[in-house]
Amino acid sequence: KARMVTVVPMELGRETTESLSALLAAGRLVVLLPVGSVEPHGPHLPLATDTLISEAACRRAATRLGELPQLTAVVAPAIPYGVTDYAAGFAGAISVPAATLTAFVRAVVEAHIADGAAHVCVVNNHLEPAHDAAIRAAIEGIDGASIACPLTRRWGRTLSDEYKSGACHAGRYETSLVLAAAPDWVDRDRAAALPALTASLSEGIKAGKKTFRELGMDAAYTGAPAEATGDEGDELLDKLATMIVTEVSEALGYATQQ
């Protein structure tokens, strides 16, 4: 049975200073901060894939968080750049130093808290290890901040078989998510023509490989993009939203939303 949705997610960038002041005065305000990357995702997905996924998951989570008592959630403008060293050598791999990213994200999170937010959840779907470490370092020691990221075992085990295999960069997993989040951004003909690949990022990284090409990803993808569907992406977005809602709910003392 379809779930009834009665709360429309709000985007912080669309608020005015007066409307935001009213939200802050009305109760606890949660800011969901999407983080992504500018990075190649095969010949069929946009460079902004990771950011699109984070934004779409945040919107779904904001709707659900807004149904909790005395709580409002807004989606902040995304931080669209990250550490993308594994994609070196491909056009569109715009990497920033980890220390720079950590300092910037930390400053943004602290500014939202200083502005009156009850909690800031950084939502990351760019899974390069150095990037993940930089994001986690950004909120270290900050009271009122959390991270939602599927790299942890708790959340990774809830996702698709392809995701859990590690062969999931621009494959069925991410292509399905973008088909659900921004279908016009997917080159469906190219995706349908791509052969399935089995290069596991997680295994390759553990083996010491440092780039997509060293991993055998000569077209900047692995997995099975031809098998992707919007329906699967919709289910995956719901799971990512559950991840966010649960992390925020637990941080604020609400009952777990799993």
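Details of the structure are given in the entry above.
Remember, it's a predicted structure, so these values are computed and weren't measured experimentally.

1. What about the sheet that holds strand β2 (residues 28–35)?
- A sheet is described by the order of its strands in space; here five strands give the open sequence β1-β3-β2-β4-β5, paired in parallel fashion. Whereas interior strands pair on both sides, the edge strands pair on one side only; in this sheet they are β1 (10–11) and β5 (145–148).
- Pairing analysis gives four bridges linking strand β4 (residues 119–124) to β5, with the strands arranged parallel. Pairing of V122 across the sheet is with I147, part of β5.
- Each of β1, β2 and β3 (71–75) touches helix α1 (residues 17–26); the most contacted strand, β2, lies at about 120 degrees to it.

2. With respect to the layout of surface pockets
- When its volume is computed, the largest pocket comes out at roughly 610 Å³.
- Every residue lining the largest pocket is counted, 29 residues in all, and those nearest its centre are L127, L151, Y163, L201 and S202.
- Counting only elements with at least two residues in the lining of the largest pocket, the list comes to α2 (49–65), α4 (129–139), α5 (153–156), α6 (161–165), α7 (172–181) and α9 (201–206).
- Here the lining of the largest pocket takes four residues from α9, the largest share from any one element.

3. Structural notes on the pairing of β2
- Buried residues dominate β2, accounting for seven of its eight residues.
- Of the pairings in the sheet, the one linking β2 to β3 comprises five bridges and is parallel in character. Each bridged residue has a counterpart across the sheet, and for L29 the counterpart in β3 is T72.
- What joins β2 to β3 is α2, and the crossover it makes is right-handed.

4. Let's talk about the nonpolar core
- In this structure, V30, L32, L65, Y173, L240, I244 and V248 are the most contacted members of the largest nonpolar core, which totals 42 residues.
- Here this core gets nine residues from one element, more than from any other, and that element is helix α10 (residues 230–252).
- V248 has contacts with V30, L32, L65, H119 and C121, leaving out every residue within four places of it along the chain.

5. Description of the side chain of T49
- Within the element layout of this structure, T49 appears in helix α2.
- With near-sequence residues (within four places) excluded, T49 lies in contact with H41, E174 and V178.

6. Overview of the pattern of salt bridges
- Counted according to the given criterion, the structure contains nine salt bridges.
- Where R60 meets D234, a salt bridge forms, and the shortest distance between an N and an O atom there is 2.4 Å. Residue R60 is located in helix α2, and its partner D234 is located in helix α10; the two are separated by 174 residues in the primary sequence.
- Linked through salt bridges whose partners overlap, the residues forming this network are R60, D234 and D238.

7. Points about the side chain of T222
- Within the element layout of this structure, T222 appears in the loop between α9 and α10.
- Other than its neighbours up to four places away in sequence, T222 contacts A167, C168, H169, A170, G171, L197, T198, A199, L201 and M217.

8. Details of the environment of H169
- By the element assignment, H169 lies in the loop between α6 and α7.
- In sequence terms H169 and P225 are 56 residues apart; their C-alpha atoms lie 9.3 Å from each other.
- Of note is the side chain of H169, whose polar atom sits 2.9 Å from the backbone oxygen of P40.

9. Here's the deal with helix α3 (residues 98–114)
- Here α3 spans 24 Å end to end across 17 residues, near enough to the 24 Å set by a 1.5 Å rise per residue.
- Where α3 is concerned, the buried positions are L101, T102, V105, V108, V109 and H112. Along the long axis of α3, the arc covered by the buried residues comes to 140 degrees, so they all point the same way. Opposite the packed face of α3, turned more than 90 degrees from it, sit the exposed residues A99 and A114.
- Positive backbone phi, at 120 degrees, marks G116, one or two positions downstream of α3.

About the cut-offs
- Residues numbered from 1 in each chain as written.
- Predicted model: local features only at pLDDT ≥ 70, side-chain atom pairs only at ≥ 80, totals over all residues.
- Heavy atoms only, no water.
- Pairing = 2+ DSSP bridges.
- Helix = DSSP H or I, 4+ residues; strand = E, 2+ residues; numbered from the N terminus.
- Contact = heavy atoms within 4.5 Å.
- Axes fitted to C-alpha atoms, helices over the stretch in contact; angles between N-to-C directions.
- 1 Å grid on protein atoms, 1.4 Å probe; cavity = no way out; pocket = protein on both sides within 12 Å on 5 of 7 lines; lining within 4 Å.
- Points joined across faces, edges and corners; volume = space filled by probe spheres on them.
- Buried < 20%, exposed > 50% of the residue type's maximum accessible area, 1.4 Å probe, protein only.
- Right-handed = clockwise from strand over helix to strand, strands pointing away.
- Core = buried A, V, L, I, M, F, W, Y, C linked by side-chain atoms within 4.5 Å.
- Salt bridge = Lys/Arg side-chain N within 4 Å of Asp/Glu carboxyl O.
- Polar contact = N/O pair within 3.5 Å; in protein donor to acceptor, adjacent residues only side chain to side chain.
- Expected span 1.5 Å × (residues − 1).
- Arc of directions from axis to C-beta.

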